[in-house]
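Residue strings, one per chain:
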Amino acid sequence: MRFKPDMKWSDVTPKADFLNRRQLISGAAALAAGGVAGQIAAREAWHPADGEGLELNSFEDISNYNNFYEFGTGKGDPAQYAGALTTKPWTVKIDGMVDRPGDYDLDDLLSGIATEERIYRFRCVEAWSMVIPWTGFELNRVLDRVGVQPSARYVAFETLVRPEEMIGQRRNTLDWPYREGLRLDEAMNPLTIIATGLYDEPLPNQNGAPLRLVVPWKYGFKSIKSIVRITLTEDEPPTSWNMQNPGEYGFYSNVNPEVDHPRWSQATERRIGDGLFARRRPTLMFNGYGDYVGDLYAGMDLAEFY
Ligand code: MTE
């Protein structure tokens, strides 16, 4: 396991305690009980689907191998160009079927919402994967704050459009803005988070600062970055990759080793950091989160609703 050397926990957590996450959890709990470091004490450590194959990727891997087409299509482009993005001030428009629509300043919107750490597997539709220690909060916290109306069935998200700072938007690689969406029950699921940081540091721009969605049981392209609009709708919203190529990318995009992409197998994945010649790892149904989300799709044909 590779940890970023200047991680804050390492200052207060004995090294042996962060050799695996179970020990980390008990370590954090012990610190909480001892009242050491309020920040640590406040953190809930919930790591669903803990187990084999959850060695963290390094901060360097996570922030240098990216997909963020607003900054170019190469894996290194976001790290190279996303520094140009101004993330403060940041406004998020929340509209549609909500009781309190508005243009919310991000700091106001998130005031009083504590962040916590979530270590999640991350599986890109391109068949590579990572394990990422996000900091964030459940999306349902924000939705509850603005009051979802009973008629709402879906949540739509949009990324910023600012070609002056997002050089990839000067080309029509996608039909900007980048759009994504979830069914309301998926959005309310406790696994669905808004990430504002990783490795306990503010989210790097290339990872979607200042706020991005993380839906760990779905392919990575559902995890929309640099969100400026959240809309509650009655109808299934259009989503960028589905608009671009509906035969290859569906609305649901649940990680599923049994439903191949038309151009490659989804049965296995290459873990970034494993080295070029390492054995590929088996991909898990719902990326290993079936216990938490399988019920959402009871009775659905997942080959038809891919
Ligand atoms: N969000 C926006 N706005 N633009 C993008 O191009 N790429 C998606 C997703 N969110 C993308 C996006 C894809 S394909 C993936 S795999 C993940 O972001 C990559 O997230 P990461 O770079 O933080 O690993």
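Here is a short report on the structure shown in this document. Here the structure is a predicted model, which is why all the values come from computation and not from measurement.

Examined against the element boundaries, Arg121 turns out to sit in strand 3 (residues 116-123). Summary of buried charges: Arg121 has no salt-bridge partner, and the nearest side chain of opposite charge, Glu269, is 6.2 Å away. Engagement of the side chain of Arg121 in a polar contact is seen with the backbone oxygen of Asn287, the distance being 3.3 Å. In this structure, Arg121 is in contact with Ala49, Glu52, Leu54, Met130, Val131, Pro216, Leu284, Asn287, Gly288 and Tyr289, ignoring residues within four places of it in sequence.

Right, let's talk about the site of the ligand for a bit. The environment of the ligand is made up of 16 residues, and the closest members are Asn66, Tyr69, Glu70, Arg212 and Lys225. Contact between the ligand and Arg212: an oxygen atom at 2.6 Å from a side-chain N or O atom of the residue. When atom positions are compared with the pocket grids, the ligand is found to occupy the largest pocket. Of the residues contributing to the shell around the ligand, the split by class is seven nonpolar, six polar and three charged.

Here we take up the packing of aromatic side chains. Any pair of aromatic rings gets described here by the distance separating the centres and the angle formed by the planes. Inspection of the entire model under this criterion finds 14 aromatic pairs. When the ring of Tyr65 is compared with that of Trp128, the centres are 5.0 Å apart and the planes differ by 90 degrees; the resulting orientation is edge-to-face. Of this pair, Tyr65 sits in the loop between helix 4 (59-64) and helix 5 (77-81) while Trp128 sits in strand 4 (residues 128-138), and the two are 63 residues apart along the sequence. Judged by relative accessible area, Tyr65 falls into the partly exposed class, the value being 21%. Site record: aromatic cluster; members linked through ring pairs are Tyr154, Phe251, Tyr252, Phe286, Tyr297 and Phe305.

Each α-helix winds once per 3.6 residues, and so residues spaced three or four apart point in a common direction. Inspection of helix 7 (residues 139-146) places Leu139, Asn140, Val142, Leu143 and Val146 among the buried residues, and these make up the whole buried set. Summarising the axial view, the buried residues of helix 7 lie within an arc of 160 degrees, below the 170-degree limit, and thus occupy one face.

Membership of the largest hydrophobic core comes to 78 residues, with the highest contact counts inside it found for Trp134, Phe157, Leu213, Trp217, Ile230 and Leu232. Here this core takes six residues from strand 4, the largest share from any one element. The residues touching Leu232, leaving out its near neighbours within four places in the chain, are Asp95, Gly96, Met97, Val98, Leu143, Val148, Ala152, Tyr154, Val155 and Leu184.

Examined against the element boundaries, Ser253 turns out to sit in the loop between helix 9 (240-244) and strand 11 (268-271). Ser253 gets classed as buried once you look at its relative accessible area, which sits at 4%. A polar contact is formed between the side chain of Ser253 and the backbone oxygen of Gly250, at a distance of 2.8 Å. Look past the residues within four positions of Ser253 in its chain and what remains in contact with it is Lys218, Tyr219, Phe221, Lys222 and Tyr306.

A few words on the pattern of salt bridges. Applying the stated criterion to the full structure yields 17 salt bridges. Each of the salt bridges in this network shares a partner with another, and the network as a whole consists of Glu55, Asp274 and Arg281.

A few words now on empty space enclosed by the protein. Within this structure, the stated rule accounts for two cavities of 30 Å³ or more. Quantified by volume, the second largest cavity comes out at close to 30 Å³. Contributing to the lining of the second largest cavity are Leu109, Leu110, Phe137, Leu139, Val142, Ile194, Leu211 and Ile230. Contributing elements (two or more residues each) for the lining of the second largest cavity: helix 6 (106-110) and helix 7. Grouping the constituent residues of the lining of the second largest cavity by class yields eight nonpolar, no polar and no charged.

Parameters and conventions
- Residues numbered from 1 in each chain as written.
- Predicted model: local features only at pLDDT ≥ 70, side-chain atom pairs only at ≥ 80, totals over all residues.
- Heavy atoms only, no water.
- Helix = DSSP H or I, 4+ residues; strand = E, 2+ residues; numbered from the N terminus.
- Buried < 20%, exposed > 50% of the residue type's maximum accessible area, 1.4 Å probe, protein only.
- Lys, Arg positive; Asp, Glu negative; His and termini not counted.
- Salt bridge = Lys/Arg side-chain N within 4 Å of Asp/Glu carboxyl O.
- Polar contact = N/O pair within 3.5 Å; in protein donor to acceptor, adjacent residues only side chain to side chain.
- Contact = heavy atoms within 4.5 Å.
- Near = heavy atom within 4 Å.
- 1 Å grid on protein atoms, 1.4 Å probe; cavity = no way out; pocket = protein on both sides within 12 Å on 5 of 7 lines; lining within 4 Å.
- Sits in = over half its atoms within 2 Å of the grid points.
- Nonpolar A, V, L, I, M, F, W, Y, C, P; charged D, E, K, R; others polar.
- Phe/Tyr/Trp six-rings, centres within 6.5 Å; stacked < 30°, edge-to-face > 60°.
- Arc of directions from axis to C-beta.
- Core = buried A, V, L, I, M, F, W, Y, C linked by side-chain atoms within 4.5 Å.
- Points joined across faces, edges and corners; volume = space filled by probe spheres on them.

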